[in-house]
Amino acid sequence: MRFAMESIGRRIFVCALSAMAGLSSTAFAQESPAAAPTATAPAASTATTAPAAQGGALAASSAQVRLDALDPAFASGKAGAFALENASSFTTFSLSNGIPVVLRVNDANHVRSLSIVLRGGTLMTSPADAGIESLMLREMARASREWPYDRLRAKLDETSASFATASVFDYSTYTLVCLDRYFDELLPIWAGTFEEPAWDPADFDRVLSDAKLALQKKDQDPWQATATEMNKDFFAGHPYAATPDGTEESLASMSLAKVKERYAATYSANRFFIVAVGDYDPASLKPALEKAFGSIPDRALAIPTGAPSFEGAVTAGLVKKEFEASKGVAYLRGDFAAPSPTAPDWAAASLAARLYSDLLFNVVRDKYGAAYTPGAVVRSFGSNYGSISVYKTSAPAKIKSYLDEAAGELEAGRAMSVAPKPDEGRSPREAVADVLPVYKAIYINESYGTIRTNAAVAGEIARSVVEFGDPRAWLLDVDRVAAVTADELEKAFKTYFIDAPILWVALGPADMLDKFDPADYKGLGPAH
């Protein structure tokens, strides 16, 4: 128990000094120079396409990437130093076929990231074909007509480069990461895999086999199996049910012919935009991209405008899933609707999850020794949701009461102390308002600690375009978190954790599942 408390203390005090500095966004930027430099690129280009309706996300006008959607936040001068200093590092232009390009110059290193972003993701996929886009991109990355697998692998090894793919609910990415000295050589090779994939049956068999093995590993791991069961129930009837990784049923029916049909049906310039981050020369990048991708046809593909919110669609309750191999311990997870990243209270809800996580650790693990790791999180998807999780509990009959006890603390305005005194015991508490500056510092530092590479920054830009319609949106996260008040945090916790319905999944052996009482899972907090 002492070790657990000391672990929390270390996490809190690592950022205490930053908090005392008054949450200077410039200071945070300096801690990750490669992730967020004050770049020397030209000011934002005016060569953008016509603006979409004010406040609309990019998906509502699929031919556009805007640098004006968030202009009031920047032009007002109220944005923090980090956002204002880095906003000028963005420039945009369009290829002749309308594909928008977002460029962020970063001279801090010699690694370049170039991503093609495919809008739509699972929103363009049925559950029966779940995982098809991920398979398609992985197959494409293995070879092109001119560069078969073995030859391509040798070239990537020789140049220390990589082709990476990623699929999330709302979009997918196809990325080249390489040293600047090899960029001119690798760009046409990488573009060739995107525009003229080899579609080799042997490559596809390998990709499909890898996907099935990954799914089998998840099914054999009790914690991942808990998440799989939760997703199946929580996403039922929602576009996110077409999980990017696929399902046992969808992968069993997958074929190369299906994948090629998907490619043909979704290959259109108006579905794509490009994100470039690195030490690029803007004057030479545009003709290089025009040569590589300017011939992709614009077929005016219909792009989904976004998935419906989970708010009002969640039914409180408990689902039990037997997993006999998990002897002696059970796993618990509760999912609930959360505000989207574009919502005014997203930052407050995210911070509330952080405070609740530390209270859970203190109450559930330190005080009662009832679980290995409890926690809470609010995500950042277009249709957003959060989770309360308990990893390895040996107290199935009592665990919910411990979650309620921790929730009651935060509901009453109490949080873990960030500077406990020796005589405060194992459960030191302070008012939310008193600890909030430190938690803000922790949140901001951790967030920017995850974007130390150009590829990671490109990921933030892609997400910002899809969710906000403006590639600079992620720069404002510092300000959004810093502006949260204690009242706003407590209100968000009550709105999304206490008052909203939560769907729970308990997984474990039958003798432990019997001890989970469904009557305990009607809500969260002492009143339940």
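Residues numbered from 1 in each chain as written. Predicted model: local features only at pLDDT ≥ 70, side-chain atom pairs only at ≥ 80, totals over all residues. Heavy atoms only, no water.

## Section: the environment of I502
- Mapped onto the elements of the fold, I502 is located in the loop between α19 (486-498) and β13 (503-508).
- Taking the C-alpha atoms as reference points, I502 and Y521, separated by 19 residues in sequence, lie 8.0 Å from one another.
- The residues touching I502, leaving out its near neighbours within four places in the chain, are V314, T315, A316, G317, G334, D335, F336, I388, F497 and L524. (Helix = DSSP H or I, 4+ residues; strand = E, 2+ residues; numbered from the N terminus. Contact = heavy atoms within 4.5 Å.)

## Examining unusual backbone geometry
- Phi at S160 is positive, roughly 55°, even though this residue is not glycine.
- Looking at where S160 falls in the secondary structure, it is placed in the loop between α7 (149-159) and β4 (162-167).
- The backbone of W199 shows a phi angle near 50°, a positive value even though the residue is not glycine.
- Checked against the element boundaries, W199 lands in the loop between α8 (183-195) and α9 (201-220).
- The class of W199 is buried, set by a relative accessible area of 13%. (Buried < 20%, exposed > 50% of the residue type's maximum accessible area, 1.4 Å probe, protein only.)

## Some remarks on the sheet that holds β13
- If you trace the five strands from one edge of the open sheet to the other, you get β7-β13-β8-β10-β9, paired in mixed fashion. Of all the strands in the sheet, just β7 (317-322) and β9 (371-378) have a single pairing partner and so form its edges. For this sheet, the mean angle separating the axes of adjacent strands, direction not counted, is 10°.
- Across five bridges, strand β8 (residues 330-337) lies against β13 in antiparallel orientation. Counted as the bridge partner of L332 is A506 from β13.
- Sheet strands touched by helix α10 (residues 222-234): β7, β8, β10 (385-393) and β13. Its angle to β8, the strand with the most contacts, is close to 35°.
- Here α19 sits on the sheet and contacts β8, β9 and β10; the angle it forms with β8, its principal contact strand, is near 115°. (Pairing = 2+ DSSP bridges. Axes fitted to C-alpha atoms, helices over the stretch in contact; angles between N-to-C directions.)

## Points about the pairing of β4
- Sheet analysis places β4 next to strand β5 (residues 171-179), joined by six bridges and oriented antiparallel. Residue pairing in the sheet places T165 in a bridge with Y174 of β5.
- A loop of three residues connects β4 with β5, the two strands running antiparallel in sequence.

## Structural notes on the pattern of salt bridges
- Summed over all chains, the structure comprises 23 salt bridges.
- Its salt-bridge partner being D203, residue R142 comes within 3.3 Å of it at the nearest N-O pair. Placement of R142 in helix α6 (residues 132-142) and of D203 in helix α9 is noted, with a sequence separation of 61 residues between them. For the pair formed by R142 and D203, the shared burial category is buried.
- Measuring nitrogen to oxygen at the nearest pair gives 2.8 Å for the salt bridge that ties R472 to D470. (Salt bridge = Lys/Arg side-chain N within 4 Å of Asp/Glu carboxyl O.)

## Some words on α8
- Taking 1.5 Å per residue, 13 residues should reach 18 Å; α8 reaches 18 Å between its end C-alpha atoms and fits that length.
- All of the buried residues along α8 are F183, L186, L187, I189, W190, A191, G192, T193 and F194. (Expected span 1.5 Å × (residues − 1).)

## Let's talk about the sheet that holds strand β6 (residues 272-278)
- The six strands are arranged β1-β2-β6-β3-β5-β4 in an open sheet whose pairing can be described as mixed. Of all strands in the sheet, those with a lone pairing partner are β1 (90-94) and β4, marking the two edges. Looking at each pair of strands side by side, their axes are set apart by 15° on average, direction ignored.
- Of the strand pairs in this sheet, strand β3 (residues 111-119) and β6 are connected by six bridges, and their pairing is antiparallel. Along β6, the bridge assignment pairs L118 with F272.

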